[in-house]
Structures are given as structure tokens and as C-alpha cells.
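Chain by chain, the residues run as shown.
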Amino acid sequence: MREPPLTSSEPRITRDGIRIHPREDFAGMHHAGRIAAEILDAVAPMVAPGVGTGEIDARITELVTEAGAISATIGYRGYRHASCISVNHVVCHGIPGSAVPTGRAEAVRADDCLRDGDIVNIDVTVIVDGWYGDSSRMYVAGTPKPYALRLIRVTHEALMRGIAAVRPGATFGDIGHAIQSYVEGERMSVVRDFCGHGLGRVFHAPPNVLHFGRPGTGPVLEEGMFFTIEPMVNLGRPETRVLGDEWTAVTRDRSLSAQFEHSVGVTATGHEVFTLSPRGVFFPDLAAVGAD
């Protein structure tokens, strides 16, 4: 028998440790998610050749303060920045202002400036009235190569297919399968070492949202669950490694990597996305760089 719609503010935890939020909690998540999205909208013009990733992060720090929010990442496990900025073959957790590793011998750039053709993921998490808004998206600096544009398109489509699978009665395996089957059909790979996560009034909570899997497996989705979906897709193999800074994850084979992330909530009939771009620019305007 289907449970009645959520109306009580009393929290419930499933046997898998996943918090079920009442309907009134959706408003807080929409507010926090919108601020995260507005910040990512605002920094889009900065992603250009010659601009330093540290400069972008400094602006993000200002925007968080201007919005009356708190950065969830500054101070998190010793992290000191308001964003993660991952360039080219950096899969996730790239440190702003750090030189970007290039080449087989771990040579690094002399500075942190973006170069023409770089693809960039910027990940921002804010706290607003106790609620966490978490989102990341891809940008391009200058004119990227056609294969980089294709990687960005496939990664965005993978996220949207994962989100489309979110509804009560579906499973987390359904989400992972929707992403994996599409990405591998495009002859790319899904990173296994990192995943999405539950959130709400905490940064990370159950469940782990895997971006690969088999249909019908894993916990069953219920109305009131909040979590991120954030597939990382590589042009080459899926394996990653973490550099000596203990944050920056890169592809082992040096292939390009891309990621998109939304925070979502399960509703009675499907889902709501909390981190939609107010300007409608979550997906980059590839036409502006010559894409068809």
C-alpha cells in the first residue's frame, strides 16, 4: 500500500539510512540550489584564456558572501576554497590556484591560468538557512577541440538521463544504468571512484549515488529523498588517481574528463531539480564556439 503524501515535519530514516524529508523542506533546498546556480551563472564570462582559476575562486567567494550564504567547502576537511575547479584531465576536486598537471612526467604549468581550448568544471556548494545547494557544470575557455565538445555533450546528456529515471518506486540502480548504458554506448567511460550523495541539512549523507549499475538494484526511491547526481565521464578509461595534495583526482590515462551535477528531490510523481540555472545556461552555449 502506498504511503500518504508527506505532510509532517517529523523526519523518517529508511533502513538504508536515507532521510525522508517532508514537503515543506523542498522550499529550503530550492532556495539554496538557486543561489548555487546563480553563482555558477555569474562566473561563466570569467572562464576564458588567460584567467586564473584562483581569480575565479576569489570571485566565487565574494558572490557567496554577497548572497548571504556560507561556503560549504571552506574549512571542510581542511579545504580552503569556495569551489573546486577541475581542468581537462582533472576529474574532480581540482584546487583553484594550483598549477594544472600536464604531460606524462607530472610537469606542471608555470601558473594557474586557463588556456585556449581548456574545458573546465566548476563545483560550488553553499549553505543557506542550514540547507545545502550543490551543483557543478562544464565551461569552455576559448575554442575547444571537437572531441572535447562531444565529451561535454555526452556528459550533460548522461546527467539528464539519470535525472529522468528519478521517480518513486525506481531504484538507484536504475539511475546508474541510465547513465552507464548511454555513456558506454558513446564509447566513453563512467568514473567509478566517485559518486553522488544524499544532502539536505548536511553536506554528505546516504545514499551513495553510483553512476553505473543494474536496473532494479539498490535502494528504492521514495518521495522526500534529496541527493545529487553528478556523473564524471572520461574520453578514455575510467580509472583515476589522487595527486599528492590529497584532493586533485586525475584520469590515469590522461584522457579528458567532464562532469555535470544537479541536486534533486523525489516528488510524489517524479522529481524536482533544485539547482536549475536561472539564466538557462547550465549547459554551455556550444554554438558560440562553433559547434553545430
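Above this text sits the structure in question.
To start, this report covers the structure provided alongside it. In this text, all values refer to a predicted model and were calculated from it rather than measured experimentally.

1. Some thoughts on the overall build of the chain
Looking only at helices and strands, one finds four helices and 19 strands in the chain. With 292 residues in all, the chain has 53% of them scored as buried. Excluding contacts between residues fewer than 6 apart, the proportion of contacts in the chain whose partners are at least 24 apart in sequence is 70%. On the chain, roughly 12700 Å² of surface is accessible, and the fraction owed to carbon and sulfur atoms is 52%.

2. With respect to helix 4 (residues 172–185)
Between its first and last C-alpha, helix 4 extends 20 Å over 14 residues, near the 20 Å set by a 1.5 Å rise per residue. Against helix 3 (146–164), strand 10 (189–190), strand 12 (205–209), strand 13 (226–229) and strand 14 (232–234) lie the buried residues of helix 4. A positive backbone phi angle near 60° is found at Arg187, which sits one or two residues after helix 4.

3. Brief notes about the state of the cysteines
On inspection of all chains with the given rule, the structure shows zero disulfides. Here Cys84 stays free of any disulfide, with the sulfur of Cys92 as its closest cysteine sulfur at 7.8 Å. With relative accessibility at 10%, the residue Cys84 sits in the buried group.

4. Side note on the packing of aromatic side chains
What describes a pair of aromatic rings is the distance from one ring centre to the other and the angle between the planes of the rings. Counted under the stated rule, the structure contains nine aromatic pairs. Between Phe26 and Phe226, the ring centres sit 5.0 Å apart and the planes meet at 85°, which makes this aromatic pair edge-to-face. Of the two residues, Phe26 sits in helix 1 (residues 25–42) while Phe226 sits in strand 13, which places them 200 residues apart along the sequence. Like Phe226, Phe26 is buried. Look at Tyr79 and Trp247: their rings are 4.9 Å apart centre to centre, the planes differ by 65°, and that puts the pair in the edge-to-face class. Within this pair, whereas Tyr79 is found in the loop between strand 3 (70–71) and strand 4 (84–87), its partner Trp247 is found in the loop between strand 15 (240–242) and strand 16 (249–251), the two being separated by 168 residues in sequence. Judged by its relative accessible area of 4%, Tyr79 falls in the buried class. Judged by its relative accessible area of 22%, Trp247 falls in the partly exposed class. Three or more aromatic residues joined by ring pairs make a cluster, and in this case those are Phe26, Phe226 and Phe274.

5. Details of helix 2 (residues 53–66)
Structural remark: α-helix, 3.6 residues per turn; residues separated by three or four positions point the same way. Taking 1.5 Å per residue, 14 residues should reach 20 Å; helix 2 reaches 20 Å between its end C-alpha atoms and fits that length. Thr53, Ile56, Asp57, Ile60, Leu63 and Val64 are the residues of helix 2 that are buried. Each buried residue of helix 2 sits inside an arc of 115° when the element is viewed along its axis, so together they form one side. Among the exposed residues of helix 2, those oriented more than 90 degrees off its buried face are Thr65 and Glu66. In the core, the buried residues of helix 2 are packed alongside helix 1, strand 3, strand 4 and strand 8 (119–128). Count one or two residues on from helix 2 and you reach Gly68, which has phi positive near 75°.

Criteria and cut-off values
- Residues numbered from 1 in each chain as written.
- Predicted model: local features only at pLDDT ≥ 70, side-chain atom pairs only at ≥ 80, totals over all residues.
- Heavy atoms only, no water.
- Helix = DSSP H or I, 4+ residues; strand = E, 2+ residues; numbered from the N terminus.
- Buried < 20%, exposed > 50% of the residue type's maximum accessible area, 1.4 Å probe, protein only.
- Contact = heavy atoms within 4.5 Å.
- Areas by Shrake-Rupley, 256 points an atom, 1.4 Å probe, with all protein chains shown as cover.
- Expected span 1.5 Å × (residues − 1).
- Disulfide = S-S within 2.5 Å.
- Phe/Tyr/Trp six-rings, centres within 6.5 Å; stacked < 30°, edge-to-face > 60°.
- Arc of directions from axis to C-beta.

Scope: geometric values only; no functional claims are made or implied.
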